[in-house]
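# Examination of the molecular architecture
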Amino acid sequence: MSIAALSPTSFPGSISGLLQVASLLGLLLLLLKAVQLYLHRQWLLKALQQFPCPPSHWFFGHKHEFQIDQELEKLVKWAKEFPSACPRWLWGTKVVIVLYDPDYMKVILGRSDPKAHSTYRLLSPWIGYGLLLLNGQTWFQHRRTLTPAFHYDILKPYVAVMVNSVRVMLDKWEQLISQDSPLEIFQSVSLMTLDSIMKCAFSHQSGTQFDKNSHSYIQAIGDLNSLTFTRVRNIFHQNDTIYSLSSNGRLFKQACKLAHEHTDQVIKQRKSQLQDENELEKIKRKRHLDFLDILLFARMADGKSLSNKDLRAEVDTFMFEGHDTTASGISWTLYALAAHPEHQQKCREEVQSLLGDGSSITWEQLDQMPYTTMCIKEALRLYPPVPNVSRDLSKPVTFPDGRSLPKGITVSLSIYTLHHNPKVWPNPEVYDPSRFAPDATRHSHAFLPFSGGSRNCIGKQFAMNELKVAVALTLLRFELLPDPMRIPQPVARLVLKSKNGIYLRLRKLK
Ligand code: HEM
């Protein structure tokens, strides 16, 4: 190398040379990425040959088909046109196969494919890797550890706790309805279900329904619900760093912080209660522990207790799953009954003859309200609180009609579309509780509000109890009427919500 080449005057030359090399390398990498994406798209197109779908754009996929908040209606429309399943291109290289046929559901739910990584991972900064997001052996271990928290000996005394939480909500409603103006119920039902899960699963006794922090937590959960839902569908928000710099990413971080403050507080309080000898003695005498106590005392397969991170993930998971889903189920059921006074009255008569003035409800009585249960199930069919779940195929699958999909494809089990599929449910939009009459028959996988198979909802029994308690006590106290000016419009989120809230007119019964 000549001395001249090292002289300061040659630096600009060498810098621009370096820049040229770097740009060339950059271009090459971009080209390689483009080729890789192209090949992946070609592979997807080939893999989905047997599954027709509406035309899609090479880059934007089916974005043009889906107006904001029209996703549920659109998928039901597709179900009428494309039998059993239909590919939905989120963008050029991302496709999910939407399933809405009971035979297809049965095949997938009978396997043990992991949760769809690209979707569920977006929930992890919020609810961590708890039961909902875990897969494989760790999931199995956690599920086995937590199953006793839903033993019927544990659930039985919760009925009285639920009764109290519902009463607080109904008392509040009584105060609010004096002017006969419609009431938005989703918010207060959420506070009630949060109150109840806090007391039942977390031994937390504060007045959640009047507490400012609980309002902030509910608000944060609402934001996280919407933000995660929109992020899944946005190609530009898949990268964590880019997302964290966006306004939605900042909102997400803020809402996570709020939600975590709430759950940290609950863990901290219970841990400090357990420093007290008396409280420890009480626990030792219990045959079955509450959910949080199981976690605090759990020993995993390696003999170690749960790490703080794992503990927080389970608390965040159950705090969210345990209140938002039931709030959706209860609010939509009350709306369905308001919109169908004949069924409402039949339920009321059943509940009145069983419970009298409703001063108490026992566990046994929850099984003695068949008509009310039919009405609740029909509401869960029309308005399933979890509209959709998804899986990544860990091995190829062949469906009963002979069509198949290779390993690596993401399938989205659209519970909402299944429940609104006219090939499965005649006149699906009609609210008809007789579909769930004891002698009615249906496909084993036609009704899946709690999903199915090994990853079904662990809180199913808890949720059904809460639904029955809430519906029964509400009907004993109020006549429910819809607000004709604000008919709720279901919109898909992680949990089914109404775009314009759920407004009801309530009349106190004499
Ligand atoms: C009406 C109320 C409820 C509905 C409709 C519902 C529905 C569901 C569905 C569809 C799944 C499957 C999710 C998936 O595969 O990604 C699920 C899972 C789960 N649910 Fe629920 N749920 C309800 C209430 C509850 C309650 C009250 C709790 C807790 C107290 C709970 C805790 C969970 C957990 C932890 C999972 C994950 C289970 C696992 O993967 O092992 N859910 N739920």
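About the criteria used
Residues numbered from 1 in each chain as written. Predicted model: local features only at pLDDT ≥ 70, side-chain atom pairs only at ≥ 80, totals over all residues. Heavy atoms only, no water. Donors = N, O, S within 2.8 Å, 3.2 Å for Na, K, Ca; no water. Helix = DSSP H or I, 4+ residues; strand = E, 2+ residues; numbered from the N terminus. Buried < 20%, exposed > 50% of the residue type's maximum accessible area, 1.4 Å probe, protein only. Pairing = 2+ DSSP bridges. UniProt positions renumbered as here; feature names shortened; annotations may be inferred. Axes fitted to C-alpha atoms, helices over the stretch in contact; angles between N-to-C directions. Contact = heavy atoms within 4.5 Å. Core = buried A, V, L, I, M, F, W, Y, C linked by side-chain atoms within 4.5 Å. Near = heavy atom within 4 Å. Polar contact = N/O pair within 3.5 Å; in protein donor to acceptor, adjacent residues only side chain to side chain. Nonpolar A, V, L, I, M, F, W, Y, C, P; charged D, E, K, R; others polar. Phe/Tyr/Trp six-rings, centres within 6.5 Å; stacked < 30°, edge-to-face > 60°. Lys NZ or Arg CZ within 6 Å of the ring centre and 35° of its normal.

For the rest of this paragraph, the subject is the coordination of the iron atom of the ligand. Exactly one protein atom donates to the iron atom of the ligand; that atom is Cys 457 (SG), 2.3 Å from the metal. Mapping Cys 457 onto the fold places it in the loop between α18 (415-419) and α19 (460-477).

Let's shift gears to the pairing of strand β2 (residues 94-99). Of all six residues that make up β2, six are buried, and the element is covered over most of its length. Across the two faces of β2 the burial is the same, with Lys 94, Val 96 and Val 98 and Val 95, Ile 97 and Leu 99 all buried. Bridge analysis of strand β1 (residues 85-91) against β2 gives six bridges, and the strand direction is antiparallel. Note that in β2 the partner of Ala 85 across the bridge is Leu 99. Connecting β1 to the next strand, β2, in antiparallel fashion are two residues.

Per the UniProt annotation, the sites labelled "transmembrane region" (unreviewed entry) are residues 17-39. From the first C-alpha to the last, residues 17-39 spans 33 Å; its make-up is 100% helix and 0% strand.

Spatially, β1-β2-β7-β4 is the arrangement adopted by the four strands of the open sheet, whose pairing is mixed. At either margin of the open sheet sits one strand with a lone partner, and together these are β1 and β4 (388-392). Strand after strand, the sheet turns through a mean of 30° between neighbouring axes, direction not considered. Relative to the sheet, helix α4 (residues 102-109) contacts β1, β2, β4 and β7 (410-414), its axis offset from that of β7 by approximately 125°.

Judged by nonpolar contacts, the single largest core of 139 residues is most densely connected at Leu 99, Trp 126, Trp 173, Phe 202, Met 319, Leu 405 and Val 469. Here the element with the most residues in this core is helix α15 (residues 308-339); it accounts for 13 residues. If near-sequence neighbours (up to four positions away) are discounted, Trp 173 is found in contact with Leu 183, Ile 185, Ser 188, Val 189, Leu 334, Thr 474, Phe 478 and Leu 506. Counting residues in each nonpolar core, the second largest holds nine residues, with Leu 75, Trp 78, Cys 86 and Tyr 100 among its members.

Quick look at the site of the ligand now. The environment of the ligand is formed by 27 residues, the closest being Tyr 120, Trp 139, Arg 143, Arg 455 and Cys 457. A distance of 2.6 Å is found between an oxygen atom of the ligand and a side-chain nitrogen or oxygen belonging to Tyr 120. Looking at the shell around the ligand, the elements that each hand over two or more residues are α7 (136-146), α15, β4 and α19. No other element matches α15, which puts five residues into the shell around the ligand. Across the shell around the ligand, the residue classes break down as 16 nonpolar, six polar and five charged.

What follows covers the packing of aromatic side chains. What the rule picks out here adds up to 18 aromatic pairs. Measuring from centroid to centroid gives 5.5 Å for Phe 202 and Phe 291, while their planes differ by 90°, and the two rings are edge-to-face. You can see Phe 202 sitting in helix α9 (residues 186-202) and its partner Phe 291 sitting in helix α14 (residues 291-297), a full 89 residues away along the chain. Across the pair, exposure class does not vary: Phe 202 and Phe 291 are buried alike. The interplanar angle of 65° and the centroid separation of 6.1 Å between the aromatic rings of Tyr 243 and Phe 252 together place this pair among those described as edge-to-face. Each member of the pair, Tyr 243 as well as Phe 252, carries the same accessibility label: buried. Taken together, the ring pairs connect Phe 150, Phe 202, Phe 291 and Phe 318 into an aromatic cluster. Above the ring of Trp 425, the side-chain terminus of Arg 381 is found at 5.4 Å from the ring centroid.

Before going further, it helps to examine unusual backbone geometry. With a phi close to 50°, Ser 203 is a non-glycine residue in the positive phi region. As for its position among the elements, Ser 203 is in the loop between α9 and α10 (212-232). Even without glycine at this site, Asn 427 takes up a positive phi of about 45°. Here Asn 427 lies in the loop between α18 and α19.

On to the side chain of Asn 465. Mapping Asn 465 onto the fold places it in helix α19. By relative accessible area, Asn 465 is classed as buried at 3%.

With antiparallel pairing, three strands are arranged side by side in an open sheet as β3-β11-β8. On the outer flanks of this sheet lie β3 (183-184) and β8 (478-482), each paired with one strand and no other. Strand direction decides the pairing type here: β3 and strand β11 (residues 503-508), joined by two bridges, are antiparallel. Paired with Leu 183 across the two strands is Leu 504, which belongs to β11. Of the strands in this sheet, β8 and β11 are in contact with α15, which crosses β8 at around 80°. Against the sheet, α19 engages β8 and β11, with an angle of about 100° to β8.

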